[in-house]
Amino acid sequence: MSDLSGKKIVLGISGGIAAYKTASLVRLLIKAGAEVQVIMTPASHQFVTSFTLSTLSKKPVYTDFFNSSQATSTWNNHVEMALWADLLLIAPATANTLSKMVSGAADNLLLAIYLSAKCPVYVAPAMDLDMYVHPSTLRNLKVLETYQNIVIPAEKGELASGLVGEGRMAEPENILAFLRQSLAETKPLKGKKILITAGPTYEAIDPVRFIGNHSSGKMGFDTALAAAQQGAAVILVSGPTQQHIEHPLVTTISVFSAQEMYEVCHSHFEDCDVFIGAAAVADYRPKTVATQKIKKSADDFVIELEKNPDILASLGAIKKQQFLIGFALETENEIENAQLKIRKKNLDLIVLNSLNDAGAGFGVPTNKVTFIDREFHIEPLELKSKEAVAMDIVNKIKEHYA
Ligand code: CTP
């Protein structure tokens, strides 16, 4: 999963030697979760084949306004393609293409798409060093910035001519990092720190046994990803789960027991803006943990339990600026019990799951929740995927800061 997931990118390739690197660029963008539509200028076909790019992007590659070779001639609608895109990336952008972008020429499909685009436009210039530092190129790049286009600076190094200097297209990895950084800067939760608990906790009985529960951790992990995709820096404190998250804005801290989760949460709480308690924390733990494996002997075996700290309530008691979100899993008197928890734990919002609703709770990919806020406004949501519920929770956070 990644922050480019679901992003529709039109990748425009113009005719420079760096076009050969676009094969890796397409792969990286797709691996990062984007959908990529490649548009090639006629000259770029000298440097990379459309077969390579269509195979990697799993889409036809377009160059011309018309598909005249087909029995039924069709038109490649540049306006539709431009409006489809969430982002237009022109890489490599040659001196010739940059100059046409500045002047408004539309003598190929890529330029027509550029002129029709309403989405953010990124250009990654690539040319020989003398061309790159020529006043006309420098001026063109400045003019494109006044059009709100974003320039991904060329890099220094050995050029195809054998000369060494500035003008090399940024490496595909660096283009991806640039896009990620740039997209994060415009995100609504940028600068917010969110602490999230997820998964079950395991309470040790002896070195090989524990008391646990069926929480998969999915709800907490989906929420962490949704928050990071909106630009928040997330610390995800997770009990043992099979879930995995890879996102530059998410730091995962693995814990085992409720006590460990409590300590990690308290050490990160002070400077966080939002806390979300999505973990299914064990309410009780064995009073003593045997140091050796307990041997089977008597017919009955009793484990004495003691209460775990309530992480959410302990944070509610000391909260200052933090927006506190808790979950409640109830089987009866759901609304009343959830409202009691809001007061008892000093919450701003509770996400109520009722086990009476089909498709809600542990081990299923869906959830049916009701939001209740501090003023006891009740907002029941329909049954949806846990990813969609995660997005709804993140939208509540955005509303709070709006
Ligand atoms: N929670 C917590 N620490 C605990 C127990 C619960 O942080 N020791 C958090 C959960 O992560 C969840 C919320 O408190 O966000 C409510 O959990 P829930 O199990 O529904 O409620 P409990 O407070 O444990 O009360 P009960 O089990 O009696 O319903």
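Residues numbered from 1 in each chain as written. Predicted model: local features only at pLDDT ≥ 70, side-chain atom pairs only at ≥ 80, totals over all residues. Heavy atoms only, no water.

Let's talk about the side chain of asparagine 149
Using the following cut-off: Per the convention used, a helix needs a DSSP run of H or I reaching at least four residues, while a strand needs a run of E reaching at least two, with both numbered from the N terminus. It only takes one pair of heavy atoms within 4.5 Å for two residues to be counted as in contact.
Following the sequence through the fold, asparagine 149 ends up in the loop between α7 (135–146) and β7 (150–151). Residue contacts for asparagine 149: discarding those within four places in its chain leaves Met101, Tyr114, Val121 and Leu144.

Observations regarding the nonpolar core
As a reminder of what qualifies: Remark: nonpolar core denotes a set of buried residues (Ala, Val, Leu, Ile, Met, Phe, Trp, Tyr, Cys) joined through side-chain atoms within 4.5 Å. For each residue, the accessible area found with a 1.4 Å probe, counting protein chains only, is set against the maximum for its type, and the residue is called buried under 20%, exposed over 50%, and partly exposed in between.
Of all hydrophobic cores here, the largest spans 32 residues; its most connected members are Ile194, Val234, Leu236, Ile276, Ile325 and Ile393. Listed by contribution, the elements that provide at least two residues to this core are β10 (193–198), α9 (218–229), β13 (233–238), β15 (274–277), β18 (323–330), β19 (349–354), β21 (369–373) and α13 (386–401). Tallying contributions element by element places α9 first for this core, with seven residues. Beyond its immediate stretch of four places on either side in the chain, isoleucine 194 contacts Leu189, Ala227, Ala232, Ala233, Val234, Ile235, Val274, Ile276 and Ile397. Counting residues in hydrophobic clusters, the runner-up holds 30 residues, among them Leu25, Val36, Val38 and Met40.

So, the site of the ligand
The criterion, for reference: Any residue with a heavy atom lying within 4 Å of a molecule or strand is counted as near it. In protein, a polar contact requires one atom able to donate a hydrogen and another able to accept it; more generally it is a pair of N or O atoms within 3.5 Å, and residues adjacent in sequence count only if both atoms are side-chain atoms. The accessible surface values rely on the Shrake-Rupley method and a 1.4 Å probe; as for residues, cover is taken only from the protein chains in view. Cavities and pockets are found on a 1 Å grid laid over the protein atoms alone: a cavity is a set of points where a 1.4 Å probe fits but cannot escape, a pocket is an open set with protein on both sides within 12 Å along at least five of seven lines, and a lining residue has an atom within 4 Å of such a point. Any molecule with more than half of its atoms within 2 Å of a cavity's or pocket's grid points is counted as sitting in it.
Around the ligand lies a shell of 14 residues, among which Gly277, Ala279, Phe327, Lys341 and Lys345 are the nearest. Alanine 279 places a polar main-chain atom, nitrogen or oxygen, 2.7 Å from an oxygen atom of the ligand. Within the side chain of lysine 345, an N or O atom sits 2.5 Å from an oxygen atom of the ligand. Contact with the protein chains removes 77% of the 570 Å² of surface that the ligand exposes when unbound. Mapping the ligand onto the cavity grids shows that it belongs to the largest pocket. Contributions of two or more residues to the shell around the ligand are made by α11 (311–318), β18 and α12 (334–345). The element best represented in the shell around the ligand is β18, accounting for four residues.

Focus: the environment of leucine 381
Position of leucine 381 relative to the elements: it lies in the loop between β22 (378–380) and β23 (384–385). Given a relative accessible area of 10%, leucine 381 falls into the buried group. Leave out the neighbours within four places in its chain, and leucine 381 touches Lys368, Val369, Phe371 and Asp392.

Some thoughts on the packing of aromatic side chains
For clarity, the cut-off: Aromatic pairs are defined between Phe, Tyr and Trp rings, using the six-membered ring for Trp, whenever the two ring centres lie within 6.5 Å; interplanar angles under 30 degrees are classed as stacked, those over 60 as edge-to-face, and all others as tilted. Placement of a positive charge over a ring is assigned whenever Lys NZ or Arg CZ falls within 6 Å of the ring centre and within 35 degrees of the normal to the ring plane.
Under the defined criterion, the tally for this structure stands at five aromatic pairs. Centre to centre, the rings of tyrosine 122 and phenylalanine 178 are 6.4 Å apart; their planes meet at 85 degrees, and the pair counts as edge-to-face. Of the two residues, tyrosine 122 is situated in strand β6 (residues 121–125) and phenylalanine 178 in helix α8 (residues 172–185); the sequence distance between them amounts to 56 residues. Its relative accessible area of 2% is what places tyrosine 122 among the buried residues. Residues phenylalanine 269 and phenylalanine 275 carry aromatic rings whose centres are separated by 6.3 Å and whose planes lie at 75 degrees to one another, so their mutual orientation is edge-to-face. Neither phenylalanine 269 nor phenylalanine 275 differs from the other in exposure class; each is buried. Feature note: the residues Tyr202, Phe210 and Phe256 constitute an aromatic cluster, connected by ring pairs. The residue whose ring lies beneath lysine 192 is tyrosine 401, and the NZ or CZ to ring-centre distance is 4.4 Å.

Some thoughts on the sheet that holds strand β5 (residues 87–93)
What counts is decided by this rule: Here a strand pair is declared whenever DSSP counts at least two bridges between the two strands. Only the contacting stretch of a helix is used when fitting its axis, a line to C-alpha atoms as for every element, and angles between N-to-C directions run 0 to 180 degrees.
Spatially, five strands are ordered β2-β1-β5-β6-β7 in an open sheet, and the strand pairing comes out parallel. On the outer flanks of this sheet lie β2 (35–40) and β7, each paired with one strand and no other. With four bridges connecting them, strand β1 (residues 8–13) and β5 associate as parallel partners. Residue pairing in the sheet places leucine 11 in a bridge with leucine 89 of β5. Of the strands in this sheet, β1 and β2 touch helix α2 (residues 50–57), which is tilted by about 165 degrees from β2.

Some thoughts on the domain arrangement of the protein
Rule in force here: These domain boundaries are the output of an automatic or database domain assignment.
Segmentation of the protein into domains returns domain 1 (8–185) and domain 2 (193–289 + 300–401). When each unit is reduced to the centre of its C-alpha atoms, the spacing between domain 1 and domain 2 is 44 Å.

Some remarks on the packing of helix α10 (residues 258–269) against α11
The angle between the axes and the distance between the axes are what describe a pair of packed helices. Selection rule: Oblique is the label for every angle not falling under 35 degrees (roughly parallel), over 145 degrees (roughly antiparallel), or within 65 to 115 degrees (roughly perpendicular). In a left-handed crossing the near helix is turned counterclockwise from the far helix by less than a right angle, and in a right-handed crossing that turn is clockwise. Residues are grouped as follows: Ala, Val, Leu, Ile, Met, Phe, Trp, Tyr, Cys and Pro are nonpolar; Asp, Glu, Lys and Arg are charged; every other residue, Gly included, is polar.
Axis separation between α10 and α11 bottoms out at 10 Å; the angle between their running directions is 25 degrees. Relative to α11, α10 is oriented roughly parallel. Seen along the crossing, α10 lies across α11 with a hand that is right-handed. In contact with Ala258, Met261, Tyr262, Cys265, His266 and Phe269 of α10, α11 contributes Ile311, Ser314, Leu315 and Ile318. Residue composition of the contact of α10 with α11, by class: eight nonpolar, two polar and no charged.

Considerations on the sheet that holds β21
One open sheet holds the eight strands; their spatial order is β14-β13-β10-β15-β18-β19-β21-β22, and the pairing between them is mixed. Here the strands that pair on one side only, and so sit at the sheet edges, are β14 (250–254) and β22. Here the strands of the sheet are splayed against their neighbours by 15 degrees on average, with no regard to which way each runs. Across four bridges, β10 lies against β15 in parallel orientation. Pairing of leucine 195 across the sheet is with phenylalanine 275, part of β15. Taken strand by strand, α10 contacts β10, β13, β14, β15 and β18, and its axis lies near 175 degrees from that of β10. Across the sheet, α13 lies against β10, β15, β18, β19, β21 and β22, angled at about 145 degrees from β18, the strand it touches most.

Considering the pairing of β21
Of all five residues in β21, five are buried; the element is thus mostly enclosed. A two-sided burial pattern is seen for β21, the buried positions comprising Val369, Phe371 and Asp373 on one face and Thr370 and Ile372 on the other. In this sheet, β21 lies alongside β19 in antiparallel orientation, the contact comprising five bridges. Along β21, the bridge assignment pairs isoleucine 350 with isoleucine 372. What sits between β21 and β22 in their antiparallel hairpin is a turn of four residues, with phenylalanine 376 showing a positive phi close to 65 degrees.

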